[in-house]
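Remarks on the overall topology
In case you want the letters, here they are:
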Amino acid sequence: MLLFILIFSSLFYSLYSFNYQTVEHWRYLRQEQPTYTPSKLSSYFGYSLAIHRSSVLIGAPRDHSPYDTITRRGAVWKCKFQSDGQCQRLPFRRDGEANVRVGTSFDNKTDQWLGASLAANNDNIIAGSPFLKHRINDGHSLEYEIPGGATIGKYDRSLAMTDSTTIYSPSFLNWHSRNYNQEGYGEFGFQVALSKRPERIIISAPGSFYFRGGIHSLPILEHNWIDTRHPFIAPHYPWREVGWLRYPTNYSANEYDDWCYRGYAVAVGNFNEDDNQEIVVSIPKLHNYRGAVEIMNSNLDENSIRTLNGTQIGEYFGASLCVIDINNDGLDDLLVGAPLYTVKKDGRILPDAGRVDIYYQTSEHNLIKKQTIEGTREGGRLGHALANLGDIDKDGYNDVAISIPFINSGSSSMVHIYRGSKDGLILKPSQILQTTSLNGFGWALQGQFDYDNNGYLDLAVSSVRTETVAIILSRPVLHVQTKLQHNSPSIPLNCTLHSDNSCFLLTVCIYLNEQNYQYSKSDTLTYELQLDKDKNPADQRLFFRESFKSIKKRHFKMSDRICHDYSLYMKDDVNDKLKPIRLQINYVLSSKLDANIVPSILDPTNSTFDYNIPIQKDCGYDDICIPNLHLTTSNWPDIYKIGLTKKILLNINVTNTGENAYDTKCLIQLPVGVEYVNSNTSSKVNLYCNLMKQSDRIIICHLGNPFLANGNIAIQIHTAVNNYSAIQTDPLIFLINVTSDNPDSKIITTDIILPVSSSPELVFIGVAKPEQIALDSTDNNVIKHTNDLEIVHTYTLHNKGPSDAKRTEVKLMWPMLPISGFNDQQPLLYGIHLPSIIRVSDPKAKIDRCHIYQSTINHVPSMDNAGINHRSQESSIPSYCHGPLCKSFICYIDTLPIGHSVLIQLKAILRLNQFQSKFDRSKPFLIMSNASAQVREIPLKISSNKSTTQAIVYLKVCFYPKRTHI
Ligand SMILES: [Ca+2]
Ligand SMILES: [Ca+2]
Ligand SMILES: [Ca+2]
Ligand SMILES: [Ca+2]
């Protein structure tokens, strides 16, 4: 019989790629062309899978041979490894090939589902045929037809059948048990398994006792196989006898316990302290359809039962089981599939997305659920099949396959591969096998066999709907080990291009991990060796002499060990002398495609290798430099007076009392408005200062690499204020810090704080014209007829700086009141106009203006002229004139630049005849105006102080015996 090995490169694709070969080397096992129409009835080829010696066994329970007298007898196919698709229908014993009649008994093998379940080891093959019908006549004209049986074959090395092939069936028991309520419809052989210790055959019958189900455990006998007609003596669970009826011992009135399907799946594993393997049995519809899994010893001892429970109604907990030691602690762990589990996640409900619960066995043999994998695809049925793959990548941990066969009703299917580890299953799949060409791909999974004998375990995946089994071959995993050697423990800085070629020699050796690794002669390993991986190309420090480059690519044929020598050199002018140089080696494996050999793959966890080489330093025995940097500063001027000078000088002194400081830098951040001019040093050290890129306020000064132990440098930083209106703060703050690249070195910081003086200083001087007159006090009549006199008081306002005055307010006052004792009807002064403002040295038109000022001070003036004995800007000015007794003005002076002056002139006419005889002429009389000036605004963003400057001017009227004009 020919089955095909086909290569369909387009059928499969895979996300990730470790370590099954996914495209070129899948083998497809298929049946011969069927005689029936496949769309109507499939042979169910691939319904079950097993490994026997060097063959894959494939169950096809609906298989129909055109040469057979029995309709759809079912079949088990043997496909020898590397057989180029040569598969054979497995022969069972001769009388098993036909319907058998013995006495009144009759075995009806039509539609018996031979191959619905399979288990095999090197000696035995067990194929379940759960619908085998054994018809019996009880001698009372009643005929019972009892279904269920398991065919057990014992084969020699050439897979020739032997006479020891036999059929087990409970229907061969005494006929009481043949009642369909008991073993009848029991579907005996629904699942089969083999345990190693003790050697037993486990057969499930989920249809027994109203589909409560049951388990049979039979000893395997080396010789003298139990005859088919021998009473069926296997222990059976659950079991008890009530009168002539036998019921399960845990029989209860709970109607849901009927139809619970005990034995839907079976597995064996060691879950207690004894060395014997226990039996794991699933009951997917127990507990009101939540399902359970029972673990019991191989004798089916009721007292040994432990139970794991499902959680969700209808999830089909235990539809699949897988015993595997995931974390390699020597204790079997257990995966339980629940493919109809409804996943609720992120507000979405995904019916039948499926779930797998992972139980780990503790050293006390408890099973603890620590991990869960949930499906993400509605209807995908994750966990429909599970498989222990063995250790497919030889990392010491067994690996797992979980199928998701029915995405979009099976038109899309996936098998996820998970790697074991000491911490349990790594929940991110290492590989996802995916197809849209094989409907329901992942119905059954079988691992732990080496189809191509390359030392790596392979995987069989079936698609029953397309009657296909795909063999997916494992790629050998190449673990590369790298060793680097160099002739000097660190790279000397003086090992430059012009130095001796041998000043730094590097040897790269590559080893293959596995002595038995079967590398192909066509396999080429390539490595890319990158020097100074952490630096940009422009900053790289280390180079190959042969190419002047810092990267080297090398191809070489595989062998156990290979070494390459390189001579390296350092760049002349290296900035970073501290950070070690990181070497990185990246490996790539390339293999020529060969249809007969599965190419190797690199272990992704060690395809990259990193290595650090230090640079030689002068840091004592420990080669660790600990600098001790100190920073002192001074500045000129002490106070920055805006407008007086543009320059600001910063003096910075850095000393190092520790070991060498590498790549030492001083950073100075200037305040807004201060600009960098230049820098210099009086020390015999190269100083290089510049503004940092993309900054006009941060100066970076390189003090040396290294800045040597006991080094000292005095730096002068010249700065200027070119536009003082840009100054925004008072004081100006200069932030200064010093850093080095040494590990754990501290940043040394200090600030220079420079107060700002900003308010302009005004000088206010007044001149009276005339300054003095003398009246003849002896002749009252002369005074009475003296002409009135014009008097002019001129105030000069001068801005001494340091800044312009943007707006200045000047208040002026004239006395105009009558003098007591004189003619009250006439004020002393008349003809008073608004003050006039005269710009002395500023040709630009300014908006100066004056108004009459209404004083609000309600203060009765004193006309006492005593105490006013000299004119002085500093002396306190008595307020002798307010309100209606005075004439007050306010003037607003527009911008008054530094060094400029403005004149404010008051004019009035004095009535001299007011000084008649009633007036006390024993003392001179002062006719006094006064003025005060205040800068209200300066052209800066900082605030100014608002001090007031005052001046007074007066005409002194004296009285002499003779009338005399001065
Ligand atoms: Ca045990
Ligand atoms: Ca374990
Ligand atoms: Ca592994
Ligand atoms: Ca293999």
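Per chain, the residues get numbers from 1 upward, laid out in the order the sequence is written. Think of it this way: whatever chain is written first is A, whatever ligand is written first is 1, and the rest follow in order. The predicted nature of this model means local features are confined to residues of pLDDT at least 70 and side-chain atom pairs, given and counted, to a pLDDT of 80 or more, with totals for whole chains, interfaces and linings taken over all residues.

Secondary structure elements follow DSSP: runs of H or I of four or more residues count as helices, runs of E of two or more count as strands, with numbering from the N terminus. A count of helical and extended segments in the protein gives three helices and 69 strands. When contacts within the protein are restricted to residue pairs at least 6 apart in sequence, those whose partners lie at least 24 apart make up 67%. The contact criterion used is a C-beta to C-beta distance within 7 Å, with each C-beta placed from the backbone.

This paragraph deals with the sheet that holds strand 39 (residues 480–486). Taken in spatial order, the four strands line up as 39-40-44-42 in an open sheet, and their pairing is antiparallel. Edge positions in the sheet fall to strand 39 and strand 42 (542–544), since each has one partner strand and no second. Each neighbouring strand pair of the sheet contributes to a mean axis angle of 35 degrees, computed without reference to strand direction. Here strand 40 (residues 505–512) runs beside strand 44 (residues 561–570); their pairing, made up of seven bridges, is antiparallel. Across the sheet, I510 pairs through a bridge with I562, a residue of strand 44. For two strands to count as paired, DSSP must find a minimum of two bridges between them. Angles shown run from 0 to 180 degrees and are taken between the N-to-C directions of axes, each axis being a line fitted to C-alpha atoms and, for helices, limited to the stretch in contact.

Moving on, we get to the pairing of strand 37 (residues 468–472). Residue burial is a threshold on neighbouring C-beta atoms within 10 Å of the residue's own C-beta, all placed from the backbone, with 20 or more meaning buried, 12 or fewer meaning exposed, and counts in between meaning partly exposed. In terms of burial, strand 37 is largely enclosed, as five of its five residues are buried. What sits between strand 36 (residues 458–463) and strand 37 in their antiparallel hairpin is a turn of four residues, with E467 showing a positive phi close to 50 degrees.

Here strand 39 runs beside strand 40; their pairing, made up of seven bridges, is antiparallel. Residue V480 lies in a different strand from strand 40, and its bridge partner there is L512.

With that settled, the discussion passes to the sheet that holds strand 56 (residues 732–739). Spatial strand order, 53-54-51-56-57: five strands in an open sheet with antiparallel pairing. The open sheet has two edge strands with one neighbour each: strand 53 (688–691) and strand 57 (748–754). Going across the sheet, the axis of each strand differs from the next one's by a mean of 15 degrees, ignoring polarity. As paired strands, strand 56 and strand 57 are joined by seven bridges and run antiparallel to one another. In the sheet register, F734 faces strand 57, and the bridge partner there is I752.

Glancing now at unusual backbone geometry. Each neighbour pair has its own omega, and for N705 with P706 the value is 5 degrees, a cis peptide bond. Looking at the element boundaries, P706 is found in the loop between strand 54 (698–704) and strand 55 (712–720). For the bond from D730 to P731, the omega torsion is 10 degrees, close enough to zero to count as cis. Tracing the backbone shows P731 in the loop between strand 55 and strand 56. One non-glycine residue with positive phi stands out, namely L300, at about 60 degrees. By secondary structure assignment, the location of L300 is in the loop between strand 23 (292–296) and strand 24 (306–309). A positive phi angle, near 60 degrees, is found at R381, a position not held by glycine.

So, about the nonpolar core. Each nonpolar core comprises buried Ala, Val, Leu, Ile, Met, Phe, Trp, Tyr and Cys residues, the members being joined through C-beta atoms within 7 Å. Counting 112 residues, the largest nonpolar core has L57 and V280 as its most contacted members. Residues in contact with L57, not counting those within four places in the same chain, are L49, A50, I51, H52, V76, K78, L118, A120 and I125. Grouped together as the second largest cluster of nonpolar side chains are 74 residues, L650, C666, L896 and I952 included.

Another point: the confidence of the model for the protein. With 78% of its residues at a pLDDT of 70 or more, the protein shows a mean pLDDT of 81. Low pLDDT, under 50, characterises residues 156–163; the predicted model gives this stretch eleven contacts beyond four residues in sequence or across chains. The pLDDT value tells you how sure the predictor is about a given residue, anywhere from 0 up to 100. Within the model, the stretch residues 222–234 combines pLDDT values under 50 with 14 contacts to residues more than four positions away or in other chains.

Moving on to the environment of K579. Structurally, the position occupied by K579 is in the loop between strand 44 and strand 45 (581–590). We classify K579 as partly exposed; it has 17 C-beta atoms within 10 Å. Remark: the alpha-carbon pair of K579 and I613, spanning 34 residues in sequence, is separated by 9.2 Å.

This part takes up the environment of R200. Mapped onto the elements, R200 comes out in strand 16 (residues 200–204). As a C-alpha pair, R200 and Q277 span 77 residues in sequence and 9.8 Å in three-dimensional space.

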